[in-house]
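The residues making up each chain are set out below.
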Amino acid sequence: MSAGTEGEAPVLVDLHCHFMPPDLPDFAKELGDDRWPRLIVDEDAGVGRVMRGEDLFRIVDPPCWDTTARLAEMAANRVDYHVMSPIPVGLTYWAEVGPAVTYARHLNDWLAEQVRHSEGKLRGLGAVPLQDEAAAIAELERIVGELGLSGVELGTIVNGTELSAASFRRFFHAAEEMGVPIFIHPMARYHGYDMDRCRGERESMAIEMLTDTTIAATALVFGGVMAECPRLKILLSHGGGTFTWTYPRLRYWEARQSDDAERTERELDTRVGDLYVDSLVHDPDHLRILMSRYGANHVVAGSDYPFMPTRFTHPAIILDEAVRAGVCTAAETDAMKGRNAFEFIGEQL
């Protein structure tokens, strides 16, 4: 694969996009637990219904489960590559380990099959049962070794335990040693850790999800994970949530507790600068601080496809608006559209 030559449109990679297989086991029925999600395809209506037991969680369109439909829509929207990750409700950290492993393996097997038959247009980030560190490491090894996927998606919290906990540290060391990039996605509401004051869908999408990502990023940066695993590649969804804005205040607090404030600030800035973020911030002017905080080479295009209207979240829209507004150069946004994503997953564009 190669970037476009002079006069051609740059390669466009959407690194924040999701899927759900149409043939997941009905664990809600088999195990008597309505938290297990599955997809029911309504061929007549042309939609899919993501169900948790008998409760409707979400209605989705065919590209969520039909790779042929996805590839056709990608071509129509002039998106060259998708790096797909599971719909976050499918990260079943609350479950018993055995069924959770089976469920994650099904997600990963289906994803790998779609990637293999996509003529190079798709990449995949798999799922691991992070509630059990040994099982998570075993599945991580299978994801990259046997299935050839590009990385892994993690949720922001595991059964009320933050990602900085000692019980996850061997997993992060294993990911670093194997060179597996990690995509962090908010999911507190999916696991019952929602914020009492964010009761509506508007507040959940606009405030709760961003704050959830911020707490996870704080755990990773300030909780020892990135200090111990400096070569670990981590990407925060939704522009890093509000972490991008709250970091200076967090750094200030940490420096006040240190015997060497300047050294502490430098070390923290280095860790934060190693993070990647996607461009899904809905305001081109926000890209200024993303570039300042993480570097233009650590911002990637993302849209949350297929869950948000393309006319608002097509991965090129905000980047093109940023160029017109003088926020970024065309060269910087060309890298955000393609090269940065491939560097994150360890491939050459």
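A quick note: this is a predicted structure, and the numbers were derived from the prediction, not measured.

A. Examining the pairing of strand β5 (residues 81–86) more closely. The buried fraction of β5 is high, at 6 of 6 residues. Where burial is concerned, the two faces of β5 agree: the one with Tyr-81, Val-83 and Ser-85 and the one with His-82, Met-84 and Pro-86 are both buried. The pairing of strand β1 (residues 13–19) with β5 spans 5 bridges and is classified as parallel. Within β5, the residue paired with Asp-14 across the bridge is His-82. As paired elements, β5 and strand β6 (residues 122–126) share 3 bridges and run parallel to each other. Looking across to β6, one finds that Met-84 is bridged to Gly-124. Taking the sense of rotation as the criterion, the β-α-β connection linking β5, helix α3 (residues 97–116) and β6 turns out right-handed.

B. Representation of the packing of aromatic side chains in the model. Tallied over the entire structure, the rule returns 10 aromatic pairs. Judged by centre distance (6.3 Å) and plane angle (45 degrees), the rings of Phe-27 and Tyr-103 are tilted. Of the two residues, Phe-27 is situated in helix α1 (residues 27–31) and Tyr-103 in helix α3; the sequence distance between them amounts to 76 residues. The pair Phe-27 / Tyr-103 is uniform in exposure class, with both members buried. In this structure an aromatic cluster arises from ring pairing among Phe-27, Trp-36, Trp-94 and Tyr-103. The ring of Phe-307 carries the charged tip of Arg-58 above its face, separated from the ring centre by 4.2 Å. Here Lys-121 stacks its cationic end above the ring of Tyr-81, 5.3 Å away from the centre of that ring.

C. Region of interest: the sheet that holds β6. In spatial order, the strands read β1-β5-β6-β7-β10-β11-β12-β13; together these 8 strands make up an open sheet with parallel pairing. For this open sheet the edge positions go to β1 and β13 (299–300), each flanked by a neighbour on one side alone. Relative to strand β10 (residues 182–185), strand β7 (residues 151–155) runs parallel, the two sharing 4 bridges. Within β10, the residue paired with Leu-154 across the bridge is Ile-184.

D. A look at the pattern of salt bridges. Throughout the structure, instances matching the rule amount to 19 salt bridges. Arg-35 is the salt-bridge partner of Asp-33, the closest N and O atoms lying 2.8 Å from each other. With its nearest N and O atoms 3.9 Å apart, the salt bridge here joins Arg-339 to Glu-343. Here Glu-343 and Arg-339 lie together in helix α13 (residues 330–344), a separation of 4 residues that amounts to about one turn. You can call Glu-343 partly exposed: its relative accessible area is 33%.

E. Representation of the packing of α3 against helix α4 (residues 133–145) in the model. Where α3 meets α4, the axes come as close as 11 Å, and the angle between the chain directions of the two elements is 15 degrees. Between α3 and α4, the interaxial angle falls into the category roughly parallel. When you trace α3 past α4, the crossing you get is right-handed. Every residue of α4 that contacts α3 at Val-97, Val-101, Ala-104, Arg-105, Asn-108 and Asp-109 is listed here: Ala-135, Glu-139, Arg-142 and Ile-143. Residues of the contact of α3 with α4, tallied by class, amount to 5 nonpolar, 1 polar and 4 charged.

Rules behind the numbers
Residues numbered from 1 in each chain as written. Predicted model: local features only at pLDDT ≥ 70, side-chain atom pairs only at ≥ 80, totals over all residues. Heavy atoms only, no water. Buried < 20%, exposed > 50% of the residue type's maximum accessible area, 1.4 Å probe, protein only. Helix = DSSP H or I, 4+ residues; strand = E, 2+ residues; numbered from the N terminus. Pairing = 2+ DSSP bridges. Right-handed = clockwise from strand over helix to strand, strands pointing away. Phe/Tyr/Trp six-rings, centres within 6.5 Å; stacked < 30°, edge-to-face > 60°. Lys NZ or Arg CZ within 6 Å of the ring centre and 35° of its normal. Salt bridge = Lys/Arg side-chain N within 4 Å of Asp/Glu carboxyl O. Axes fitted to C-alpha atoms, helices over the stretch in contact; angles between N-to-C directions. Parallel < 35°, antiparallel > 145°, perpendicular 65-115°, else oblique. Left-handed = near helix turned anticlockwise from the far one by under 90°. Contact = heavy atoms within 4.5 Å. Nonpolar A, V, L, I, M, F, W, Y, C, P; charged D, E, K, R; others polar.

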